[in-house]
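# Fold and contact review
The primary structure of each chain is shown beneath.
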Amino acid sequence: MRTPLNKLLSAMGCALAIGLVPGASAQAQTATTTAAPAKKANVVILATGGTIAGAGASAANSATYQAAKVPVDKLLASVPELSNVANVRGEQVFQIASESFTNDNLVKLAKRVSALAKQADVDGIVITHGTDTLEETAYFLTLTVHTRKPIVVVGSMRPGTALSADGTLNLYEAVATAASPNSAGKGVLVTMNDEILSGRDVTKAANIRPDAFKSPWGALGMVVEGQTHWFRAPVKRHTVNSEFDIDQIDTLPAVEIAYGYGNASPTAPQALVAAGAKAIVHAGTGNGSVSGAVVPALRELRAKDVHIVRSSRVVGGGFVIRNAEQPDDQYDWVAAHDLNPQKARLLTALALTKTHDAKTIQRFFLEY
Ligand code: DAS
């Protein structure tokens, strides 16, 4: 019969105290028997709205509800266990459904995160967010906030009023992840459904299931019962290693997305540029393919100093290969590598705050 863990630990403590464990030095013995409880991390929760702040008419409404209703203080009160893993306080930055996020919302949120991360009394930051554009915010933050402190973005697929709501556990796991020193230096993280995912890679891959968030390259780890478990770390540039700094950015250039499909016409990219777009991300078929009916129009736009970035509508693994489906060198276009169209839009916008050289923009897509 196994000896209960607490008996083992207290025996170890005693053993250390009386030197039964070979090699246990006097200092270690003293430290082990008189160690003070670990200091709890200070975690700030920035609330922006979404389903995690949503409410439905009945417990059976897991998909029909109103997002962005519950204020941050009620969110924190709904999970009293947060105080077991961190000292938490909340701020209501926005109260919106995330499909309505704008570039200005992104810049304002990132500036607030950057300012908090500089504070010595802040150890980690959690952002509660709608799931629709959560991946975009997570990527934008990982590109622009210069800190090694954990930043965790979290949402929920069901409102708190629904049966088997996922928001409370997701929030608890996000705070536990933000409070863990092991989360530092891994770029912005997303915790959903017990997984810890890279803010760079993660995407919403399902529209009404708790396991909606996936990375084509796999999760970084898991968070279970308030403990983080890591299995990989990001390799692309992020946060303190980024050339983009939100403290030096106030607005983003307009970059728009044109979708590729059978029978596509050049009308959309032409109209988007006429409306002010400085670059077009083409969400192509397959490996970023562009219809023959659209290529001439994109080349004309490039000749007018509009950048063209080839992404793909295909998600879930692989990447757009430069000069494969289109002669990018000849056209002076950019291949979006593995970034989906919505993330490519953000990197292109940030790139245009630094350069108009397509080769430099291509380097950004390979490194971030
Ligand atoms: N409308 C969705 C949003 O705010 C709700 C959600 O899933 O969070 O992103």
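Residues numbered from 1 in each chain as written. Predicted model: local features only at pLDDT ≥ 70, side-chain atom pairs only at ≥ 80, totals over all residues. Heavy atoms only, no water.

## Digging into the environment of V43
Summarising the element assignment, V43 is placed in strand β1 (residues 41-49). Separated by 108 residues in sequence, V43 and I151 have C-alpha atoms that sit 9.6 Å apart. In contact with V43, not counting residues within four places along its chain, are A86, N87, V88, R89, G124, V126, V175, A178 and A179. (Helix = DSSP H or I, 4+ residues; strand = E, 2+ residues; numbered from the N terminus. Contact = heavy atoms within 4.5 Å.)

## Quick notes on the UniProt feature "binding site: substrate" (unreviewed entry) in the protein
UniProt tags S98, T131 and D132 as "binding site: substrate" (unreviewed entry). In terms of the greatest pairwise C-alpha distance, the residues named above, spread along 35 residues, form a tight cluster of at most 6.9 Å across. Looking at the element boundaries, S98 is found in the loop between β2 (86-96) and α5 (103-117). The exposure class of S98 is buried, given its relative accessible area of 1%. Ignoring sequence-local partners within four residues, the contact set of S98 consists of H129, G130, T131, D132, T133 and L134. Topologically, T131 is positioned in the loop between β3 (124-128) and α6 (134-144). On the basis of relative accessibility, which here comes to 5%, the residue T131 falls in the buried class. In this structure T131 touches S98, G155, S156, M157, M192, K204 and F213, once residues within four positions along its chain are discounted. (UniProt positions renumbered as here; feature names shortened; annotations may be inferred. Buried < 20%, exposed > 50% of the residue type's maximum accessible area, 1.4 Å probe, protein only.)

## Some points on the site of the ligand
Taken together, G50, T51, Y65, A97, S98, E99, G130, T131, D132 and S156 make up the full set of residues near the ligand. At 2.5 Å from an oxygen atom of the ligand is found a side-chain nitrogen or oxygen belonging to S98. Here D132 contributes a backbone N or O atom positioned 2.8 Å from an oxygen atom of the ligand. Here the ligand loses 91% of its free accessible area of 260 Å² to cover by the protein chains. Looking at the shell around the ligand residue by residue, the class counts come to two nonpolar, six polar and two charged. (Near = heavy atom within 4 Å. Polar contact = N/O pair within 3.5 Å; in protein donor to acceptor, adjacent residues only side chain to side chain. Areas by Shrake-Rupley, 256 points an atom, 1.4 Å probe, with all protein chains shown as cover. Nonpolar A, V, L, I, M, F, W, Y, C, P; charged D, E, K, R; others polar.)

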